[in-house]
Structure formats: C-alpha cells, structure tokens
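# Remarks on the overall topology
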Amino acid sequence: MSTTDLTSAPTELDRTIAETDPDVARLIAAERDRQEHTLELIASENHTSPAVMAAMGTCLTNKYAEGYPGKRYYGGCTFHDEIEELARERAKRLFKCQFANVQPHSGAQANMAVFLALLQQGDTFASLVLADGGHLSHGMKLNFSGKYFNAVHYPLIYDLDDPRFEQIDYDAVRDVCMEHKPAMILCGYSAYPRVIDFARFRAIADECGALLMADIAHIAGLVAAGVHPSPFPHAHIVTTTTHKTLRGPRGGLILTNDEDIAKKIDRAVFPGVQGGPLMHVIAAKAVAFHEALQTSFTDYAKQVVANAQALAGALVGKGYRLVSGGTDNHLMLVDLRGKDADLTGADAERWLEQAGIITNKNGVPKDPRKPMYTSGLRLGTPALTTRGLKENELQLVAELIDRVLDAKGDETVCAQVRQDVVDLCERFPMPH
Ligand code: DSN
C-alpha cells in the first residue's frame, strides 16, 4: 500500500453515520485510517476490542440512571442495575478488593471524588513533584486539587551517584510527610517507569497519620494481571482510568477495601461531582473487565512489559539516555539531550509524527525547558502490544525512531520511515 492511499473499507457503522452526517462519518473514517496506519506509542493510549467499542455505541446512552443499583432516581433502570452490578463485581474480582465505584467519567473525576470524600477544603496532601511525573489532578495550581487543597511535594533522587537516580526518594517522602503531616499521601504517576513500593508508602502514611491514595491510572492493566504489585492491601483508596493499560473504554474507577470510605466515595461521585452515569461506558467497562479477567490478558500485560524492555534496551544501545536508566513497566522517558543537546521533545514528537510514529513530548526530572518544548519524549508499549508486536518488532521500532531523530526530521528520511511504518501496521492490524 502506498502511504498516499491510506483508506480502509467503510464499515456498517460508517454507512449508518454517513446516511445522517457525511461530514462526521468522513472524519471518523479518517481517524480510523490514521490509527490503523500509524504506530501508537503514547503510553496512556491503547486499542480497545471491538466488543468494548460496540458496547459504547448502544441504546444504553439513552438512559438516565442517577443513583446506584437498586437506588435510582429514575424508573426503567432494571437492566442498568444489572449492568452496573456486573461491572462492579468484575472490577472487585479483577483488583481483589471489596468495593468498586464504576461511575467516574474519567480519572481526574475519580480523583476529584476522592478529594471531596476524604479531605476538607484547605487540607494538605502530599504528591510527587508534578514536573517529575505526576498528574494535573495531583496538585497543579490551576487544577481543583491545587486550588482548593494545599499540595506539598516529595522528590525523586537527583544525585547522579545514587544507583536509584531518578527513582522515588522514599526517605524524602517520609521527611516531607513528617514535616507537613498531610491528611493524604498520593502515589501513582503519569510518567514514572519504575515499580512503586506501596508497602513503603503505607508505612509512611501510618507514621504520619495520613490516608494513602494510589492513582494507578497508568499501570492498572499491569496490576490486574499481576505484572506490577497491587496497591492492595496497602492503599486506603485506589483510583484509575480504564482506558490505558487496562484497555477498556475511556473512563474512571474507584476501589477500596474500607466500607466507610466506600460509602463516602459513592456520595462524592454522585451527587458530589457527577450527575447521570454514562451507562453505555459502564457496560463497556464491564466488557473490558471481563476481558481482563481472562488468561490471555495476563499474557498481554507480560508482553507489554517485555516489549517496553526491548524498546528501552534498543534505544539505550543507540545512545539514548532513559530517565532512571530503564523501565519496569509499560513506559519509558527518553532524555533527548543524551543524544543531542539541542533536540527538544516538541521537535522529536513532530518529526516522528511525520513518519507515522505517534509519541508525546514530556518533561524530564529537573527539565530546564518549558512543558510546550521539554527535553523528553514519553514512549509506551500498550497499543503496539495489542496489535501483536513483540520484542523483535520493538527493536525495529527503536531503529525507525532513531533514523528519524538522527536525520533531524529530514523529509526524505521521514517518508522512507513512513513507508516502513505502514508495512509494519499492515502486518499487525488493529483489533477489528
Ligand atoms: N493524560 C494522561 C497521560 O497521558 O498520561 C494522564 O491522565
């Protein structure tokens, strides 16, 4: 296939939408082509199964179901009760915990509900220095978490001579928490490539009298498959998204083993921060949890990590510096300055996109550049692993990335790599 002819056959759904709205149908088809013919390396993205996607496009979107199973504010919720109950039961089985709220529309809304449920306005909480891999909802000044609560931050290890360079500084976590006595300690990150020691966080939380919240949005699929240690029984409260390594629909989820916390969370999600639940998305979550409970999902999660290690090893072999030296999970953070002092994450992201390799610029610890430029590039393997790529192909992907960056985005080189990307995509199609 030529790179100028990237069209795939219209689906039944395309035809249905096109009958009413050809403009939107054309854009959806174009986006599907884009996804089919590019390599998705954004660590927080994935390709859901056709069953998950189909569940979202159903009549369930027509219904208001404010409340919870058996306690709704609208009639006609019989099947919605069963669907939500199924989703809750499967989530509990998947993460081996006692309580689940499947209604949060997103990870940020799940986090907002936790703050509302467990903290008072102005309370102090501790989280990782945001520029070192945290998330907006972990205390960024413009976010609710930074506006209405007092965020204090713990650092990574920045001493080059320390073998744990750029890993969480647990001694400093303890120092920060003993000094500020936060009501809650937050762990779990958006760009942290190493295993999180939840037991150690819990010991610190107990010592300073804080609750421990784990936001496992990125690693949820790895946790569900037992490929990353579980935050349970250590965390009092766990939040996650459902669409990253967990490979479900775009959404959020809150888990706990504590009945009292569970009651507060239910009230905080509804009516605290949300109205009607997105029942079509909750059905898709149920389908995704069912998929994640299968042995094949464990194999998938193991391969995600093996692929990340293959990609990381190949990049290091080509002279790239990875934050913390490597990865234990699905993602890595490339410090581009190790290869070329002038190279920014913004340039790398743009050039790679021209070659059909989709990534995102990301700050590295102590990054002197602004977030719109950055010195880093975040890469993850969940989506490529879903397509069936394995270690050998990830080494090839490292080669393609290096060709583009080494040529500083030269158009001819990008066009050649683009063709190799399309060939790879054709060999490893997206789930249909
Ligand atoms: N925006 C997500 C990410 O890309 O990591 C975090 O929510």
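Here the structure is shown first, and the text comes after it.
Residues numbered from 1 in each chain as written. Predicted model: local features only at pLDDT ≥ 70, side-chain atom pairs only at ≥ 80, totals over all residues. Heavy atoms only, no water.

Judged by nonpolar contacts, the single largest core of 62 residues is most densely connected at Phe95, Tyr154, Ile185 and Phe201. In terms of residue count, the dominant contributor to this core is helix α11 (residues 279–292) (8 residues). Excluding residues within four positions of it along the chain, Ile185 makes contact with Ala126, Tyr154, Cys177, Phe201, Ile204, Ala205, Cys208, Ala210, Leu211, Leu212 and Met213. Judged by nonpolar contacts, the second largest core, of 37 residues, contains Ala308, Ala314, Ile357 and Leu389. (Core = buried A, V, L, I, M, F, W, Y, C linked by side-chain atoms within 4.5 Å. Buried < 20%, exposed > 50% of the residue type's maximum accessible area, 1.4 Å probe, protein only. Helix = DSSP H or I, 4+ residues; strand = E, 2+ residues; numbered from the N terminus. Contact = heavy atoms within 4.5 Å.)

This brings us to the side chain of Thr381. Inspection of the secondary structure assignment puts Thr381 in the loop between β15 (376–380) and α14 (382–386). Of the residues examined, Thr381 reaches a relative accessible area of 0% and is grouped as buried. The contact partners of Thr381, leaving out residues within four places of it in the chain, are Val304, Asn307, Ala308, Leu311, His330 and Leu394.

It is worth spelling out the pattern of salt bridges at this point. Applying the stated criterion across every chain yields a total of 23 salt bridges. Taking the shortest distance from any N to any O, the salt bridge between Lys264 and Asp260 comes out at 3.6 Å. Of this pair, Lys264 and Asp260 are both found in helix α10 (residues 259–273), 4 residues apart, which corresponds to roughly one turn of the helix. On the accessibility criterion, Lys264 (33% relative accessible area) is partly exposed. In this structure Asp260 comes out as partly exposed when scored by relative accessible area, which is 44%. Across the pair Asp402 and Lys339 runs a salt bridge whose closest N-O atoms are separated by 3.4 Å. Highlighted residues: Asp402 in helix α15 (residues 391–406) and Lys339 in the loop between β12 (331–335) and α13 (345–354), separated in sequence by 63 residues. For Asp402, a relative accessible area of 14% translates into the label buried. Judged by relative accessible area, which is 32%, Lys339 ranks as partly exposed. The network of salt bridges with common partners includes Glu166, Arg321, Asp335 and Arg337. (Salt bridge = Lys/Arg side-chain N within 4 Å of Asp/Glu carboxyl O.)

The next point concerns the site of the ligand. Around the ligand, the structure places Ser44, His135, Ser190, His218, Lys244 and Arg378. Ser44 places a side-chain nitrogen or oxygen 2.7 Å from an oxygen atom of the ligand. Across the complex, the protein chains shield 64% of the 230 Å² of accessible surface that the ligand would expose by itself. Broken down by class, the residue content of the shell around the ligand amounts to no nonpolar, 4 polar and 2 charged. (Near = heavy atom within 4 Å. Polar contact = N/O pair within 3.5 Å; in protein donor to acceptor, adjacent residues only side chain to side chain. Areas by Shrake-Rupley, 256 points an atom, 1.4 Å probe, with all protein chains shown as cover. Nonpolar A, V, L, I, M, F, W, Y, C, P; charged D, E, K, R; others polar.)

This next bit is on the packing of aromatic side chains. Aromatic ring pairs: the centre-centre distance and the angle between the two ring planes describe each pair. Evaluation of the coordinates by the stated rule reveals 9 aromatic pairs. Where Phe115 meets Phe149, the ring centres are 5.1 Å apart and the plane angle is 65 degrees; that geometry is what we call edge-to-face. Taken together, the residues span a long stretch of sequence, with Phe115 in helix α5 (residues 107–118) and Phe149 in the loop between α6 (144–147) and β6 (150–154) at a distance of 34 residues. A relative accessible area of 0% places Phe115 in the buried class. Arranged with centres 5.6 Å apart and planes meeting at 50 degrees, the rings of Tyr154 and Phe201 form a pair that is tilted. Here Phe201 lies in helix α8 (residues 198–208) and Tyr154 lies in strand β6, a separation of 47 residues in the sequence. The pair formed by Tyr154 and Phe201 is uniform in burial state, with each residue classed as buried. Members of the aromatic cluster, each reached through a chain of ring pairs, are Phe115, Phe125, Phe144 and Phe149. Here Arg247 stacks its cationic end above the ring of Tyr300, 4.0 Å away from the centre of that ring. (Phe/Tyr/Trp six-rings, centres within 6.5 Å; stacked < 30°, edge-to-face > 60°. Lys NZ or Arg CZ within 6 Å of the ring centre and 35° of its normal.)

Spatial ordering of the open sheet is given by β4-β10-β9-β8-β7-β5-β6, a layout of 7 strands whose pairing is mixed. Of all strands in the sheet, those bounded by a partner on one side alone are β4 (99–101) and β6. On average, adjacent strands in this sheet sit at an angle of 20 degrees to one another, irrespective of strand direction. Examined bridge by bridge, β4 and strand β10 (residues 252–256) share 3 bridges and lie antiparallel to one another. Following the sheet pairing, Asn101 is matched in β10 by Ile254. Taken strand by strand, helix α7 (residues 170–180) contacts β5 (124–128), β6 and β7 (184–187), and its axis lies near 150 degrees from that of β6. Packed on one face of the sheet, α10 meets β4, β8 (211–215), β9 (237–241) and β10 and runs near 10 degrees to β4. (Pairing = 2+ DSSP bridges. Axes fitted to C-alpha atoms, helices over the stretch in contact; angles between N-to-C directions.)

A few words now on unusual backbone geometry. For the peptide bond that leads from Phe232 to Pro233, omega is 10 degrees, which places it in the cis range. Tracing the sequence through the fold places Pro233 in the loop between α9 (220–224) and β9. For the bond running from Phe270 to Pro271, omega is 10 degrees, close enough to zero to count as cis. For Pro271, the location among the structural elements is in helix α10. Within the chain, Thr374 stands out as a residue other than glycine whose phi angle is a positive 65 degrees. Here Thr374 lies in the loop between β14 (360–362) and β15. Although it is not a glycine, Lys408 adopts a positive phi angle of roughly 50 degrees. For Lys408, the location among the structural elements is in the loop between α15 and α16 (411–427). Since its relative accessible area comes to 48%, Lys408 is described here as partly exposed.

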